[in-house]
Each structure stands twice: as structure tokens, then as C-alpha cells.
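In case you want the letters, here they are:
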Amino acid sequence: MRISTVMTIAVVGCFAVEAKGEEWWEKVEFTGFLSSDLRYIVENWRGAYGDGYRFEMNRNDLDLRFKVEPSERVKGVVETRFRFFGFNNASDIPSLSDRAKVDPFDVRLEEAYLEVHGLLWDKLDLKAGRMIQNWGAADMFNPTDNLNSRDFSDPLDYSAKVPNQMIEIDLYPTDWLQLTAVWVPLFKPSMLPPSASWGFAVEYDENGCFMSAPTPPIDTEPHPGQVDENGNPISDAQILGKLFSTMVPGTDPVTGRNCKLVFPKTEVRTVEPEWSLANSQAAIRAKFRAGDFDFALSYYYGRFSFPVAYTAIADVVLPGGKSATGFSTDPVTIDPKKTNVKYIAEVTYPRMQVVGFDFSYTAEWLYDVGFVGELAVIFPEQINFGLRALVGGRDVIEPMRSINVPSTPFVKATAGFDYTFTSWLYLNAMYVRGFFDEFNDKYGIHNYFVAATELKFFEDELVIRLATALNCDDLSANLFPQITWIAAPSVELQTGLFWLFGPTEMGDPLDYSTRSKFGHKAAGRNVAFVKAKLTW
Amino acid sequence: MRYCLFLAFVVYGCGWESDGLARLDDLYPREIAADIVAEELLETDTIVDQAGDVTGDEPGVGDIEGEIAPIMTGTWAFVAEQHGLLFDLYRMTINDLFIASVTGNQISLSFCKQDVTFQDDPGVGNSYLDEKTVASLGETSIIIPLSNKGTIEETTVIWTWGINPEYKNCPLPASADEKAVWDQDEDGKPGVTVHVEDPKGDRYMVRRVEWRLETGEQVGDIQMESLDGTLQFEPVDCTDPCKTKCLVEQVALGATNSLLMTAAPICVDQDTPSYWRMRKLSESYDCKKLKEEWKTLFNL
């Protein structure tokens, strides 16, 4: 049994033992769920050439949450999840004796914290440990909610977060004001879906011929005085395109494909912040209540949890070039008959400060429509993207630097409403400025329309939900219809489809900003799914 | 107080910047710019620094100065434009044309055509090679190494006809039965067969030229497009009666006509410089096209 599992049981057991004696079961709340999730990819054009029409997920989760209140002032929460992935990883005979290979799983500690009410002062609470914070008033799209990174490892779940250790202090000086301060010692990045690697992937066709390479965020406008041999202005992007087309023999001028070009071992590395005090995160919030109007002001100091392009180096060995030393940047066996390119990209997590405002208001005078809004003014760290191209270990163009993220403050926001029209019809609609992973880099900040409508039948036993997100700038979108049936008390059976609309290719292969938000392969696959869930 | 604290944080955050290019330079140190011959290779009057500010005069060809190693990879046409004096008297031009393949750190020349013209017709000495002979000569490539910087620097090239490669630096053989002799065109005759028009017949000969390619004028920025340089001659062993220097060494090993046993001396024309030239071509360019277009291509 894994050490983490043993420790989880021990922690829970300690709480139980501590609470014994006085109707201990009354002090322990045990909740959780058991779920199965089976997904099938229903296309073959959003992955590697020809890949599709296969199972993508076969997952079982067991979530156990214990809340213990040994006294009125003290609470402890432990939530752990066992995840079984359902795919065999054994690829040789010895592995067939290893249950972990044949039936891989992991154990996650989602939350583990203690809470003390009235610490030193009856209006002061302390919370410490591993937890998930939920700031902001809007549904899911919360630009003021930055303490926990997002867990997008499941592309159908936008609400999951990565838990982190933190210390929280809450003050309740009045009944209409709550002050909160949180300190997070160590930064954790957001988890990305498996398709995220397509954002940096090199693509080949059915014959193994090169089709496209990742587009770096370099300037598409010429720098002052930057001209070509004919005296015409030329941008960094055009220089790179010219280098590529003239340097690499065998490129088809019409299709751009090249059967004599190979990118062995493309890497995307993350540049993590050091574990120093300066790289910890902190936030403060003042939450107000004024009748039906709740609003909050917040400030966050920390880092953006999604990766931002930082560097790229293309290390080229031409046909017939020396293979004894391999690449300059990494010794790798190369194909001497082809042009070999070792492409290493790096991403980083920029520092930022965020000043936020959020509100929620239920308009009793307007049929109880609920309005929510959030506004975050982000002061980012400037990120200069650097690119070099080497041939035979030497730079063949002037190294390029472009400002990928300018230091200019920018705004992300959400505004929306939700309303239950009748007992069987519900609507939630929002305008979102800036998706989760957007940080005013070369891709920019885009505008979105997000909506979900629910039709409920048989006293909410059957729910048909249709959700969608539309990028108003490039008109790509996703569509997420689901049918949920409460087959028995606490049992949900669900089926649905997740579909992405938009071109998979870049509008301009040399312009980073022309990527389709939901069309690009990095956004994920089109899947059909069935789920079963028991909750207690 | 809270307002001051807020301002303190904001001010502290101003000026945050991470530079990806500086990081790349730390991870993969660049060679010093002086080692890379951008300024020798590019005709540029404008210097553009990394901030994009112009610090020079009017723009010229290849405006981006700095650490650039121009790329020569690909297919080129090569011509050795040699000016000589037949019998040390009659001005002549020999254009030896090659298809050059540049890969890695060398140029590989494959012979395509020889064109000989005279300013004044000497009445004798006109000769030509047949297609089979040209093809045979083309099968043995001449290798020109590139410098560590990927460019042509002053280099010596020896090109032989009908001589075994291991004897290329030795005195030319005097008879057909010497080991140095190679029936390169595989016609059963020693050496290479040259057809002579006046007097009419065939000469079986061995031949050597030694060219000294001097660093030339190069045009193009990222990808080289044309190269031109002066050509000098460094005969290994020249006993002909040229007052100056012989342009080519040749010995006849046999002939269909005894009058053809003596090859006419070709001396270097000191008054007319000789050149080597290269022009960048597409991948699909071949010897057939070069034969048709070489005059236009090289403006000769």
C-alpha cells in the first residue's frame, strides 16, 4: 500500500480517535462520491494523423471526505481521492506481475486543513493546511480567484483546482464586512489537459513528411530600419520564414511539406520559480454585504499559473553534417540524410499583481434575476521572448527578442446573470473577457460568450443541459450537451458529447496570434461520454 | 495605512521583467561576433542593434549585421572563367562549368561542360569533349572544403583528367603504361579522349589544373545567392614554354594523328584576370539546364 494512502488513513484515524468518547460519530461528517467515467473520441482529425475513434478515458474515482469537529471552535477536513485510470500500462512480461502497471492508479490529497474559530479574538479565524480557495462571485470564470491553480487535466471539468498549502486568516469586525488574508508559501502551476502539448507539437502527414512546426510569439511587424537585401522592410517572422524555406532543402513550395526534414525529440520545458520567500503568493480581500448586494475588493500578489512562452532554440544539423557530436544543445542520434532540427521551447510563469472587484446581486424587483460580475486589473511582469537558430552550432540569424507579455496593465472580467424561468427552465449567460489561460501575450485577450441552459423534467429527475462557449473574436466554440438522470436517490447517470468548432491550423503559420482558441488541437478532442456517480 | 501598503506592493512590482534571450545566452553561450565574418560577407551600411535602432547610414544589402553565418546549403552553378593565351599568343577563354552541391562543410563540384572561345581564331587547337567523356569526368567530384564559418576562404583546388587520384600531386605521366594513367572515360584509350578539329583527330591525354580560389565578393544575407572571386593558377609542374605561368598542364599519351601528340601550351593571360563564380539555384536545377542558361546565369 502506498505511503500516502497509509498517511491519509492515519490522519483520519487520529481525528476519529481524538473525537472518541462523546458520541464521536456526531462530530464526524463523512461524505464523498464514487464515480465512473468512460469517454470515446469520436473523430480522427484533432490528434496525430489518423489518431481517433478510440477510448480516451476509463476512469474510476473514489472520493472520501471527512470533516471532524472535536469542539465548537475547531474543525478538521481531510479529502482524499483514489483514481484508477483503467488503462493497462504493462508492455513487457515483468510488468505483467506489477499490479500498478496493469491497473495504474494514484492517490490525491485534495484537502487537509484545520480551522480554528476565535483564535485570540472571537472575531478572528485561522485556517491552515492544504486547501482550495474559491474567490469571486461569477460562475467558474473568476479573474479575481488566483490563489489556487486550475486543474484542467480533465478537459470536461473547468471547475477543478490544484490544492495547495496555505494559511488563511479571517476577520469579522462587523456582520457586513469580512476581511481575509491568505499566504501561500510555494507556487504550483496549473495542470493542463493531455492535448496541451499540441500547442508546441511538430506535425507530420501520413508519409511521415513534415507539415508544420509550433509558431513562436515573434514580431510580425518590422523593427525600425530592419530591411531585406532589396531594402524592403522585413519582420522577424518573415526572416524566420525565409530562413526556413531557403535553408531547408526539399520544401514543397505549394504545400510546405518536406520529407527531408525531421524534428527529433522536441521539448517544452517549464522554468519554475525558485522556492524563495519572494516567490510565495499572498492575497487580501474585503467582502461587503449590503442587503441583496454583495461585493468584494481584493488584491493578489503572486504568479500567473498558466505557462507563457519564454524561449525557443532551433538547433539544426544539415544533411551530411557531422553527427558525431549530435546537436549543439543536446547530443541525440540524427538522420544523416535529412535536415534534423532539435527544437527546445521554454515556458515560464510570470509574476503579477491583481486588483479585483466582484459583486453578486439578486434583483428582487426583476423577478429575482441573479447578476454577477468580476473585474480584475492585472499588473504583469514583462516577458521578453527569445529565439535563436543554430546551424552546426552557430547562430545563423540575429537572435530575436520580442515582447511577448508587455508590462502594461490589462483587464480580465466576467459579467453575467442567471435565472430560473420556470421550474423546468434555467439559464446562465456570461460575457467573459480573457479566458483562464490568457495573459495579454502575443495571442492577446479575447472576448467570449458563455451560456448554459437546463431543462428539467420529472421533478428534476431528468436534466438536459446545453452549455457552450463562443470566442467572439475568432468565432470558434465548444458545445457541451449532457443528459443527467437521477436513477435512484444519490445516483446520477449521465451521457453527453463535447464538441469543438474551429480550424485546427494556424491562420498564418508565422503569426502566433492567429491560433483558433477552440479549433486548435491543443483545445482537446471531440468526445462522447457516459458517467455514473454515487454521492453521499 | 492599507493604501500605503497597497502602493508599496505596486511600486515594488513595477519594472518586473524576464528576458528569454538573456536566458538562452546563459544556457547556450554564443561565439564572439568577431569570429563570425558577417561584416566580411555582407555589404551593409546599416547597423541595427537588438533594440531595432538604426545607428548607421543608408540601408544596403543585408542590413542585419552581427553574428550571422550565411547559409550556402543547396544547389549552385559554378564556373571557372579562365583567361589564357594559346601558344602564349592567342587570347582564349576556357569556361569550365559545374553543378555544385553544398552540404555540411563542403562543396562538391560535378563537371557539366567546357566551353572554349578565342578572341582571334588561331586556326588550330579547337577541341571538344563528347557527352560520354563529360559524364565520366562529372562522376568524379571535386571537393572544396568550407571554412569553420561555413564560407569559402582562400583554397586550392586540383582537378585532373585521366590521372588516378593518388597521383594528382605527382608530375604528369609521360607514357600510357604508367600507373598514374587512368582510362577515365572508359573508351579503351589511356587518359581522357579529346576530339580535335584542326588537325582532325583524337588525342588521348592527361590534364591537370590547379586553381587557387581567392575569397570573393558575396551577396545575400541569410541565404547566399551569388559568390564571385578571383582565380589564380598554381601549376604543380610546368615545363611548357610559357613566359609566365601555364594555365593548365597537359600531356598527350597517344593520338590518332601524330600531329596531335603535342598539346598546345596554354599560358595564363596576365592582363585579363580569371574568376570563379557561383550562383544559387533551385534544388531541381541540373546540368542540362546549366548548359542552356550558363551565359545568362553568369552574365558572360
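Residues numbered from 1 in each chain as written. Chains lettered and ligands numbered in written order. Predicted model: local features only at pLDDT ≥ 70, side-chain atom pairs only at ≥ 80, totals over all residues. Heavy atoms only, no water.

Peer 1: So what exactly am I meant to see when it comes to the nonpolar core here?
Peer 2: Across soluble globular proteins, nonpolar side chains have a tendency to be buried as a group. Judged by nonpolar contacts, the single largest core of 69 residues is most densely connected at Leu387, Ile397 and Phe439 of chain A. Among residues more than four places away in sequence, those in contact with Leu387 of chain A are Pro216, Ile218, Leu240, Ala312, Ile397, Pro399 and Met400 of chain A together with Leu21 and Leu24 of chain B. Membership of the second largest hydrophobic core comes to 40 residues, among which are Ile94, Phe98, Leu109 and Leu146 of chain B. (Core = buried A, V, L, I, M, F, W, Y, C linked by side-chain atoms within 4.5 Å. Buried < 20%, exposed > 50% of the residue type's maximum accessible area, 1.4 Å probe, protein only. Contact = heavy atoms within 4.5 Å.)

Peer 1: Can you walk me through the pairing of strand E14 (residues 281-290) of chain A in this structure?
Peer 2: Across a regular strand the side chains alternate sides, sitting on one face of the sheet and then on the other. Residue and element names in this part refer to chain A. In terms of strand pairing, strand E9 (residues 177-184) meets E14 through eight bridges, oriented antiparallel. Paired with Ala181 across the bridge in E14 is Ile284. Of the strand pairs in this sheet, E14 and strand E15 (residues 293-303) are connected by nine bridges, and their pairing is antiparallel. Within the sheet, the bridge partner assigned to Ala290 lies in E15 and is Phe293. Between the antiparallel neighbours E14 and E15 lie two residues, among them Gly291 with a positive phi of about 65°. (Pairing = 2+ DSSP bridges. Helix = DSSP H or I, 4+ residues; strand = E, 2+ residues; numbered from the N terminus.)

Peer 1: So what exactly am I meant to see when it comes to the packing of aromatic side chains here?
Peer 2: The description of an aromatic ring pair uses the distance of the two centres, along with the angle that the planes make with each other. All names here are of chain A. With the rule as written, the count across this model stands at 41 aromatic pairs over all chains. What links up through ring pairs into an aromatic cluster is the set Phe141, Phe152, Tyr158, Phe304, Phe306, Phe410, Phe435, Phe436, Phe439, Tyr448 and Phe518. Looking at Lys531, its charged tip hangs above the ring of Phe529, at a distance of 5.3 Å from the centre. (Phe/Tyr/Trp six-rings, centres within 6.5 Å; stacked < 30°, edge-to-face > 60°. Lys NZ or Arg CZ within 6 Å of the ring centre and 35° of its normal.)

Peer 1: When you look at the state of the cysteines in this model, what are you seeing that I'm missing?
Peer 2: Residue and element names in this part refer to chain A. Enumeration over the complete set of coordinates arrives at two disulfides over all chains. Across the disulfide from Cys209 sits Cys259; the S-S distance is 1.9 Å. Between Cys209 and Cys259 the sulfur-sulfur dihedral comes to about 90°; the bridge is accordingly right-handed. Of this pair, Cys209 sits in the loop between strand E10 (203-204) and strand E11 (210-212) while Cys259 is found in the loop between helix H3 (236-247) and strand E12 (261-262), placing the two residues 50 residues apart along the sequence. For Cys209, a relative accessible area of 5% corresponds to the buried category. For Cys259, a relative accessible area of 45% gives the class partly exposed. (Disulfide = S-S within 2.5 Å.)

Peer 1: Help me out: how do you make sense of unusual backbone geometry in this one?
Peer 2: Backbone geometry follows two general trends: most residues other than glycine have a negative phi, and most peptide bonds adopt the trans configuration. Residues and elements named next belong to chain A. With a phi close to 65°, Asp368 is a non-glycine residue in the positive phi region. Relative to the helices and strands, Asp368 resides in the loop between strand E18 (351-363) and strand E19 (369-380). You will see that Asp460, though not glycine, has its phi angle at about 70°, which is positive. Mapping Asp460 onto the fold places it in the loop between strand E25 (447-457) and strand E26 (462-471).

Peer 1: Before we go on, may I ask you to explain a negative patch on the surface in this structure?
Peer 2: All names here are of chain B. Taken together, the side chains of Asp120, Asp121, Glu197 and Asp198 make up a negatively charged region of the molecular surface. Its location among the elements puts Asp121 in the loop between strand E4 (106-118) and strand E5 (127-128). Taking relative accessible area as the criterion, Asp121 reaches 59% and is therefore assigned exposed. (Patch = residues over 30% accessible without salt bridge, like charges linked within 9 Å, V, L, I, M, F, W, Y side chains within 5 Å. Areas by Shrake-Rupley, 256 points an atom, 1.4 Å probe, with all protein chains shown as cover. Salt bridge = Lys/Arg side-chain N within 4 Å of Asp/Glu carboxyl O. Lys, Arg positive; Asp, Glu negative; His and termini not counted. Charge placed at Lys NZ, Arg CZ, Asp CG, Glu CD.)

Peer 1: Would you take a moment to explain the environment of Leu253 of chain B for this structure?
Peer 2: Residues and elements named next belong to chain B. Following the sequence through the fold, Leu253 ends up in strand E12 (residues 249-255). Take Leu253: its relative accessible area is 12%, and that puts it in the buried class. For Leu253 and Pro173, which are 80 residues apart along the polypeptide, the C-alpha to C-alpha distance reads 8.4 Å. Setting aside anything within four residues of it in sequence, one finds Leu253 in contact with Pro173, Ala174, Ser175, Ala176, Val181, Pro190, Tyr204, Met205, Val206 and Met261.

Peer 1: Which parts of the structure should I look at to understand the confidence of the model for chain A?
Peer 2: The predicted structure's coordinates, where accompanied by low pLDDT, should not be read in detail. Averaged over every residue, the pLDDT of chain A is 88; residues scoring 70 or more account for 91%. Note on residues 1-5 of chain A: pLDDT under 50 across the span, and eight contacts to partners over four residues away in sequence or across chains. (pLDDT = per-residue confidence, 0-100.)

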